Structure formats: C-alpha cells, structure tokens
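Observations on chain architecture
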Amino acid sequence: RVILERKGKRGKEADFVKVWREVRAKAMPAKGYISGETLRSSKDPLNYIVITTGQSAADWERWEKDPERKAIQARIEKLMSRPTKTKMYVYA
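A brief structural summary. Residues take numbers from 1 onward in each chain, read along the sequence in its written order. In keeping with the predicted nature of the model, local features appear solely for residues at pLDDT of at least 70, side-chain atom pairs appear and are counted solely at 80 or more, and the whole-chain, interface and lining totals rest on all residues. Values reported for side chains reflect all heavy atoms of the structure, with hydrogen atoms and water molecules removed beforehand.

1. A short note on the sheet that holds strand β2 (residues 33-40)
Should DSSP find at least two bridges between two strands, the strands are taken to pair. Numbering of helices and strands runs from the N terminus, with a helix taken as a DSSP run of H or I at least four residues long and a strand as a DSSP run of E at least two residues long. Judged by pairing direction, the sheet is antiparallel, and its 4 strands sit side by side in the order β2-β3-β1-β4 without closing on themselves. Looking along the sheet, the strands with just one partner apiece sit at the ends: β2 and β4 (85-88). Geometrically, the sheet is characterised by an average inter-axis angle of 15 degrees between neighbouring strands, direction not taken into account. Inspection of the sheet shows strand β1 (residues 2-7) paired to β4 by 4 bridges, in the antiparallel sense. Along β4, the bridge assignment pairs Glu-5 with Lys-85. Any two residues having at least one pair of non-hydrogen atoms within 4.5 Å are treated as being in contact. Convention adopted: a line fitted to C-alpha atoms gives each axis, helices being fitted over their contacting stretch, and angles between N-to-C directions are expressed from 0 to 180 degrees. Against the sheet, helix α1 (residues 13-27) makes contact with β1, β2 and β3 (47-54), and its axis sits at roughly 165 degrees relative to β2, the strand it touches most.

Structure follows, in structure tokens:
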C-alpha cells in the first residue's frame, strides 16, 4: 500500500479535488492497481490522505514514473501548501 499525505491551499480546494480525481481516473486502469481511497481530515479539511492498494511495489514504482501521472502530479503540487509525502508499506 502507498499512503500519500497532501495538504491543499486555501481557496484552491475545488481545483485540487478536480485534479486528484483526474489522477485517480488514470490510476485505476494502471497495471497492478487494486483500489484507492481518499480521506479528508475532519479537523483540517485541507488535509488529505490517499491510500492506494496495488499488487506490488514494482507496479507502484512504474506508475510513479509514468509521464502522464508525473504531469498531473505537477499540477496537484501547484495547488498544495506543501509537497506530497509518500510512504510505501508492505504486508508484514
């Protein structure tokens, strides 16, 4: 699983949501994608956690390098107050 922490910029919420939905739509048909969910903090509505489940770390790494994903990610970063934090976890 990959966990992404994202914090949007105040006043850019609608644009932020639109772009992360776009990246989710591109991720779903990617090799190894199983599921994903996006959660918004109840205490800080600009703070999001994205949990993506895939078949393997290699599949995520391939998706992370995908040029189309990188372009969308660059657009997301412009709408955020800090860079995305990405952490990968595997079953123990």
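2. Looking at the side chain of Thr-52
Mapped onto the secondary structure, Thr-52 falls in strand β3. Looking at Thr-52, the relative accessible area reads 13%, which means it is buried. With sequence-adjacent residues up to four places away left out, Thr-52 is seen in contact with Arg-1, Val-2, Tyr-33, Ser-35 and Gly-36. Classification of residues uses two cut-offs on accessible area relative to the type maximum, computed with a 1.4 Å probe and protein chains only: under 20% is buried, over 50% is exposed, and between them is partly exposed.

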